[in-house]
Amino acid sequence: MVHKIVKKLVMTAMGLILLLPMFLVFVPQTQAADTDPAYTAIKKRGVLIVGLSADYAPFEFHATVGGRDQIVGFEVSMAKQIAKDLGVKIQIKEMGFDGLIGAVQTGKIDVIISGINATPEREKVVDFSKSYMSPKQTILILKKNAPQFTTNVDSFSGKKVGAQRQTTQETFVQNNMPSSTLVSIQKVPDLVSQLSAGKISGVVLNDPISEAYAQQNKALQVIYPKPNESEGAVSIAMRKNSPVLQSKINASIDGIVSSGKLKAYQKEANTLMFAKQSFWAKYGNLFIKGTLITLALAAIAVVIGAVLGTVLALFKLSPNFILKSLGNIYIEYVRGTPLLVQAFMVFFGTQVIGLNLSAFAAGALAMGLNSAAYVAEIIRSGINSVNYGQTEAARSLGLSKGKSMRYIILPQAIKNILPALGNEFVTVIKEGSVVSVIGVGELMFQTGVVQGASFQPFFPLLITSLIYFVLTFSISRALGYAEKRMARSSR
């Protein structure tokens with residue numbers, strides 16, 4: 001009897017041992033189904049970081065609400081509701097549309113809510129929620145040119161047709177209008193500006209956007225082309241392998257659509273788009289904000305450029321082979337690559353190495369590093385312009401090489417190179433427009449925002465050009481005055 005009991009206990013224990021590995025395998029899977037890295041990071045932070053390009057009314061755009069500039073639109077209202085459903089706050093990061101996918105891949109943002117479509121190419125690098133809208137493709141044309149075109153896309157053969165870069169509209173032109181010349185531009189307002197100027201014959205847009213432009217500007221007309229097709233599934237993009245975040249967002253979208261909130265958000269956005277206010281009352285603060293950020297960028301970049309440029313100039317003049325090589329390599333590399341590329345490298349590259357720099361910090365750093373290469377050559381030439389006898393005289397008086405450079409050579413070199421340094425400062429102010437691609441809200445970025453929100457492609461550019469002229473003219477005159485004062489003091 002005892003033998004049988006012992007035998008049963010042994011058999012039971014062996015069975016449990018055999019089942020234990022299966023149990024250990026299934027337990028982690030059950031826990032993993034409750035969370036994923038993206039969702040965990042959002043909940044831990046308590047903030048959902050939403051990336052968008054606010055030049056796409058009525059999806060998202062800038063408007064003055066209660067005397068304050070705000071990013072509004074029906075997708076912004078959706079984003080706020082989704083954050084509420086997730087039990088977190090919302091933070092909006094604005095940047096160029098073509099930088100959004102890179103930002104979500106590198107963790108700069110959590111999700112993209114910016115009229116983005118789930119295409120097979122994009123699905124390879126990001127996950128998408130379920131669709132909440134399927135707009136139709138349209139072609140926006142000048143009403144006076146309407147007799148030239150029909151709903152058949154072949155009527156645009158041999159014509160230039162515009163589309164926003166890296167969008168389904170661009171793909172539509174490539175697939176359905178091979179006889180037309182594609183013009184790809186980053187911002188929709190720039191495309192409409194080219195259409196208004198007659199530089200292109202049409203712009204492919206989804207119907208909420210094209211109808212809004214046509215409603216605002218009676219010189220424009222909308223064509224629903226044949227073959228017609230849906231723009232695609234407008235969805236929310238997030239990092240790959242985010243099943244829990246994806247399911248939570250899908251549940252929130254279901255609630256927003258089924259409750260009728262999406263239609264209410266759209267009506268609210270349309271009302272804000274056409275609110276009756278003067279142009280300056282609606283958008284003046286954006287120009288002011290952009291100007292201040294442009295000046296701040298330039299000031300920081302000039303400081304970085306002057307300090308690092310001086311070091312690089314001394315490196316290049318050093319008898320030490322390693323220092324001289326480092327100076328030469330840096331200067332040649334930076335001068336040989338565009339600032340646009342450097343801005344993207346700093347913005348995304350710092351994230352890869354664990355530095356989560358803001359768009360402003362990354363933009364200022366990129367501009368400073370770029371300026372340093374040019375300042376280094378200016379300073380080097382200034383040092384070389386000082387007669388070598390000055391160095392010999394300083395050394396004969398007992399000054400060390402470092403003190404001779406600091407107290408004798410550099411002060412004279414600065415007087416010689418002041419005009420060139422002034423020109424570099426002016427150049428830095430204008431080059432600040434490049435960093436708008438990573439979402440720095442400087443003057444050109446805000447100009448694009450105003451273009452998109454006001455449906456006026458040209459007038460905002462005119463205002464911006466005048467602001468740049470005032471800035472650069474004032475700085476040039478101030479530097480000229482300082483140069484004259486220094487010249488008089490040296491007599």
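Here the structure is a predicted model, which means the values were calculated and not measured.

Asker: Looking at this structure, I do not really get the pattern of salt bridges. What am I missing?
Answerer: Applying the stated criterion across every chain yields a total of 7 salt bridges. Between Asp-127 and Lys-240 there is a salt bridge whose closest N-O contact spans 3.4 Å. Taken together, the positions of Asp-127 in strand E7 (residues 126–128) and Lys-240 in the loop between strand E13 (234–239) and helix H9 (243–258) put the pair 113 residues apart, joining distant regions of the chain. Using a relative accessible area of 35% as the deciding quantity, one classes Lys-240 as partly exposed.

Asker: Even after reading the chapter, I still don't get helix H10 (residues 261–273), so can you show me in this structure?
Answerer: Given 3.6 residues per helical turn, the α-helix brings residues three or four places apart onto the same face. End to end, H10 covers 18 Å across 13 residues, agreeing with the expected 18 Å (1.5 Å per residue, within 8%). Looking at H10, one finds that the buried residues are Leu-262, Tyr-265, Ala-269 and Met-273. For H10, the angular spread of the buried residues around the axis is 75 degrees, confining them to a single face. Opposite its buried face, H10 presents the exposed residues Lys-263, Lys-267 and Thr-271, each directed more than 90 degrees away.

Asker: Would you mind going over H9 with me for this structure?
Answerer: For H9, with 16 residues, the first-to-last C-alpha span of 22 Å sits near the 22 Å given by 1.5 Å per residue. Of all the positions in H9, only Val-244, Leu-245, Ile-249, Asn-250, Ser-252, Ile-253 and Ile-256 are classed as buried. Positive phi shows up at Gly-260, right after H9, with a value of about 85 degrees.

Asker: In this structure, what is going on with the sheet that holds strand E1 (residues 47–52)? I would like to understand it.
Answerer: Picture the strands of a sheet paired through backbone hydrogen bonds; they go either parallel or antiparallel. Across the sheet, which stays open at both edges, the 5 strands sit in the order E5-E1-E6-E13-E7 with mixed pairing between neighbours. Both edges of this open sheet fall to strand E5 (89–94) and E7, since each of them pairs with a single strand only. The mean angle between the axes of side-by-side strands here comes to 35 degrees, regardless of whether they run parallel or antiparallel. Bridging between E1 and E5 involves 6 bridges; their strand directions are parallel. Of the residues in E5, the one forming a bridge with Ile-49 is Gln-91. H9 contacts strand E6 (111–117), E7 and E13 of the sheet and is inclined by roughly 155 degrees relative to E13.

Asker: Before we go on, may I ask you to explain the pairing of strand E11 (residues 202–206) in this structure?
Answerer: Working note: regular strand, side chains alternate between the two faces of the sheet. E11 sits mainly inside the fold: 5 of its 5 residues count as buried. Along E11, one buried face is formed by Gly-202, Val-204 and Asn-206 and the opposite face, lined by Val-203 and Leu-205, is buried too. Both strand E8 (residues 137–142) and E11 contribute to a ladder of 4 bridges, which runs antiparallel. Within E11, the residue paired with Ile-139 across the bridge is Val-204. Taken together, the 2 bridges between strand E9 (residues 160–164) and E11 define a ladder with parallel strand orientation. Among the inter-strand pairings, Val-161 is bridged to a residue of E11, identified as Gly-202.

Asker: Explanation requested: the packing of aromatic side chains in the structure shown.
Answerer: The geometry of an aromatic ring pair is captured by the separation of the ring centres together with the interplanar angle, meaning the angle of the planes. Scanning the entire structure with this criterion turns up 10 aromatic pairs. When the ring of Phe-149 is compared with that of Phe-156, the centres are 4.2 Å apart and the planes differ by 5 degrees; the resulting orientation is stacked. Overall, the relative accessible area of 8% leaves Phe-149 in the buried class. Residue classification places Phe-156 among the buried positions, given a relative accessible area of 0%. Here the basic side chain of Lys-187 rests over the ring of Phe-445, its NZ or CZ set 5.3 Å away from the ring centre.

Asker: Is there a simple way to think about unusual backbone geometry in this case?
Answerer: Glycine aside, negative phi is the norm for most residues, and most peptide bonds take the trans geometry. Pro-58 follows Ala-57 through a cis peptide bond whose omega is 5 degrees. Mapped onto the secondary structure, Pro-58 falls in the loop between strand E2 (55–56) and strand E3 (60–65).

Asker: Please clarify how a nonpolar patch on the surface should be interpreted in this entry.
Answerer: Nonpolar side chains collect at one region of the surface, where Phe-321, Ile-322, Leu-323 and Leu-326 lie side by side and expose about 430 Å² of accessible area between them. Mapped onto the elements, Leu-323 comes out in helix H12 (residues 321–335).

Asker: What am I meant to see in the confidence of the model for the protein chain here?
Answerer: When pLDDT is averaged along the protein chain, the result is 84, and 90% of the positions lie at 70 or above. A low-confidence stretch, residues 12–32 stays under pLDDT 50, and its non-local contacts, those more than four residues away or across chains, total 1 contact.

Asker: Where do I start with the packing of helix H11 (residues 279–317) against helix H16 (residues 401–431) in this structure?
Answerer: Each pair of packed helices can be described by the angle between their axes along with the distance between the axes. Direction vectors running N to C along H11 and H16 enclose 140 degrees, while the axes themselves pass 11 Å from each other. The pairing of H11 with H16 is recorded here as oblique in orientation. Note on packing geometry: the crossing formed by H11 with H16 is right-handed. In contact with Thr-294, Ala-298, Ala-299, Ala-301, Val-302 and Leu-314 of H11, H16 contributes Met-405, Phe-425, Val-428 and Ile-429.

Asker: Hey, could you run me through the environment of Gln-169 in this one?
Answerer: When you line up the elements, Gln-169 lands in helix H6 (residues 168–176). You can call Gln-169 buried: its relative accessible area is 3%. For the pair Gln-169 and Ile-139, spaced 30 residues apart in the sequence, the C-alpha separation amounts to 9.7 Å.

Asker: Please clarify how the packing of helix H15 (residues 388–396) against H16 should be interpreted in this entry.
Answerer: Across the interface, H15 lies against H16 with an axial gap of 9 Å and an inter-helix angle of 140 degrees. With respect to H16, the element H15 is oriented oblique. Our pair here, H15 against H16, has a crossing hand that is right-handed. From H15, Gln-390, Thr-391, Ala-394 and Arg-395 reach across to H16, where they touch Lys-401, Ser-404, Ile-408, Ile-409 and Gln-412.

Criteria and cut-off values
- Residues numbered from 1 in each chain as written.
- Predicted model: local features only at pLDDT ≥ 70, side-chain atom pairs only at ≥ 80, totals over all residues.
- Heavy atoms only, no water.
- Salt bridge = Lys/Arg side-chain N within 4 Å of Asp/Glu carboxyl O.
- Helix = DSSP H or I, 4+ residues; strand = E, 2+ residues; numbered from the N terminus.
- Buried < 20%, exposed > 50% of the residue type's maximum accessible area, 1.4 Å probe, protein only.
- Expected span 1.5 Å × (residues − 1).
- Arc of directions from axis to C-beta.
- Pairing = 2+ DSSP bridges.
- Axes fitted to C-alpha atoms, helices over the stretch in contact; angles between N-to-C directions.
- Contact = heavy atoms within 4.5 Å.
- Phe/Tyr/Trp six-rings, centres within 6.5 Å; stacked < 30°, edge-to-face > 60°.
- Lys NZ or Arg CZ within 6 Å of the ring centre and 35° of its normal.
- Patch = residues over 30% accessible without salt bridge, like charges linked within 9 Å, V, L, I, M, F, W, Y side chains within 5 Å.
- Areas by Shrake-Rupley, 256 points an atom, 1.4 Å probe, with all protein chains shown as cover.
- pLDDT = per-residue confidence, 0-100.
- Parallel < 35°, antiparallel > 145°, perpendicular 65-115°, else oblique.
- Left-handed = near helix turned anticlockwise from the far one by under 90°.

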